[in-house]
Amino acid sequence: MIGLNTTLTKNWQLSTELYYKDFSDLVIANPLAQKRNPHQIINPSIETYLNVASGDSYGAELMLNKSFSENWLGWLSIAYSKTERDNPLIDKKFNSEFDLPWVVNLVLNYQINQQWSAGFKWRFQSGRRYTAVNSATPYYEQGQQEPLFYIPEYDSFNASSVKNYHRLDLRIDYKTQLMGLDSSIYFELMNVYGSKAIQEFEYNKDYSSYEKDYQFPDMPLPSVGMTLNF
């Protein structure tokens, strides 16, 4: 990892980081321990998982930070990365589920007076990786008219990604005294414009359709909280 910190002015700082990481002994499923059909018998002595995969991750991050002055502070970070895994058992490389190429965060906070402050956080990130289902084959037991279940046919592992995601959170803080203790009451509105991030796809039994399961919260969510300093 290489980092460089630069002071632009008295209250503005810029930092840059470049990194490369490699991984080894990652856990993957053993293909010899996976059933290809319901009647296949697997030797119980075969290990289900093996620590033989490897991978790497590299990227860069740029952060612009403004320390508190003129009643406000904030920071902006922009990060790009690439994360891959290598499965030697099938001689294939694939995108890691943690491969989110772009992540951007913008945070601002303004001190209105000694008691009140307000701010927001906006986040953008690339859509998460997933493995798409291309089709499904029905499986029949002997003598049955209806399929017992369906066997999905998958696309390349983690080759697809959901749409990019962005979200805005607002927060207001009020400093006061409760029971003689310094305290703060905050009012927060998460996901202001109701952005939705797909967490997973829930397929029906024959994989012909699916419902989208969204990450929480998938709609504007107000909340009130309090902190006490002992």
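Residues numbered from 1 in each chain as written. Predicted model: local features only at pLDDT ≥ 70, side-chain atom pairs only at ≥ 80, totals over all residues. Heavy atoms only, no water.

K.L.:
I keep staring at the pattern of salt bridges and nothing clicks. Help me out?
P.N.:
Pairing between side chains of opposite charge can happen when their charged atoms approach one another. This structure, assessed with the given rule, holds four salt bridges. For lysine 82, the salt bridge is made with aspartate 99, and the minimal N-O distance between the two is 3.4 Å. Residue lysine 82 is located in strand S4 (residues 72–87), and its partner aspartate 99 is located in the loop between strand S5 (92–95) and strand S6 (102–111); the two are separated by 17 residues in the primary sequence. Judged on exposure class, the residue lysine 82 and its partner aspartate 99 are both buried. Here the residues in one salt-bridge network are Lys82, Asp99 and Arg129, joined through shared partners. (Salt bridge = Lys/Arg side-chain N within 4 Å of Asp/Glu carboxyl O. Helix = DSSP H or I, 4+ residues; strand = E, 2+ residues; numbered from the N terminus. Buried < 20%, exposed > 50% of the residue type's maximum accessible area, 1.4 Å probe, protein only.)

K.L.:
How should the environment of leucine 73 be read in this particular structure?
P.N.:
Assignment of secondary structure puts leucine 73 in strand S4. A C-alpha to C-alpha distance of 9.4 Å links leucine 73 and glycine 119, two positions 46 residues apart in sequence. Excluding anything up to four places from it in sequence, leucine 73 contacts Lys66, Ser67, Phe68, Val107, Leu108 and Asn109. (Contact = heavy atoms within 4.5 Å.)

K.L.:
It is not clear to me how the nonpolar core should be interpreted in this structure. Could you clarify?
P.N.:
Within soluble globular proteins, side chains that are nonpolar generally end up buried alongside one another. Counting residues in each nonpolar core, the largest one holds five residues, listed as Tyr130, Ala132, Val162, Ile198 and Phe201. Setting aside residues no more than four positions away along its own chain, alanine 132 makes contact with Glu153, Tyr154, Asp155 and Ser160. (Core = buried A, V, L, I, M, F, W, Y, C linked by side-chain atoms within 4.5 Å.)

K.L.:
Sorry, what's going on with the packing of aromatic side chains here?
P.N.:
Both the distance between ring centres and the angle between the ring planes are used here to describe each pair of aromatic rings. Tallied over the full model, the rule gives 10 aromatic pairs. Taking 4.9 Å as the distance between ring centres and 80° as the angle between the ring planes, the aromatic pair formed by phenylalanine 201 and tyrosine 210 counts as edge-to-face. Exposure remark for phenylalanine 201: the relative accessible area of 16% places this residue in the buried category. With centroids separated by 5.4 Å and ring planes inclined at 65°, the aromatic side chains of tyrosine 203 and tyrosine 210 adopt a geometry described as edge-to-face. Tyrosine 203 sits in the partly exposed class, given a relative accessible area of 28%. Taken together through their ring pairs, the aromatic side chains of Tyr130, Phe201, Tyr203, Tyr207 and Tyr210 make up a single cluster. One cation-aromatic arrangement involves lysine 21 over tyrosine 19; the distance from NZ or CZ to the ring centre is 5.8 Å. Just above the ring of tyrosine 186 sits the side chain of arginine 171; from NZ or CZ to the centre is 4.0 Å. (Phe/Tyr/Trp six-rings, centres within 6.5 Å; stacked < 30°, edge-to-face > 60°. Lys NZ or Arg CZ within 6 Å of the ring centre and 35° of its normal.)

K.L.:
Would you explain the environment of serine 135 in this entry?
P.N.:
With respect to the element layout, serine 135 can be found in strand S9 (residues 133–139). Between the C-alpha atom of serine 135 and that of valine 107, which follows or precedes it by 28 residues, the distance is 43 Å. In this structure, serine 135 is in contact with Ile151, Pro152 and Glu153, ignoring residues within four places of it in sequence.

K.L.:
Explain the side chain of asparagine 30 to me, please; I cannot follow it from the model alone.
P.N.:
Along the polypeptide, asparagine 30 turns up in the loop between strand S2 (12–29) and strand S3 (49–69). There is a polar contact of 3.1 Å between the side chain of asparagine 30 and the backbone nitrogen of leucine 32. Polar contacts involving the side chain of asparagine 30 include one to the main-chain carbonyl oxygen of glutamate 47, which spans 3.0 Å. (Polar contact = N/O pair within 3.5 Å; in protein donor to acceptor, adjacent residues only side chain to side chain.)

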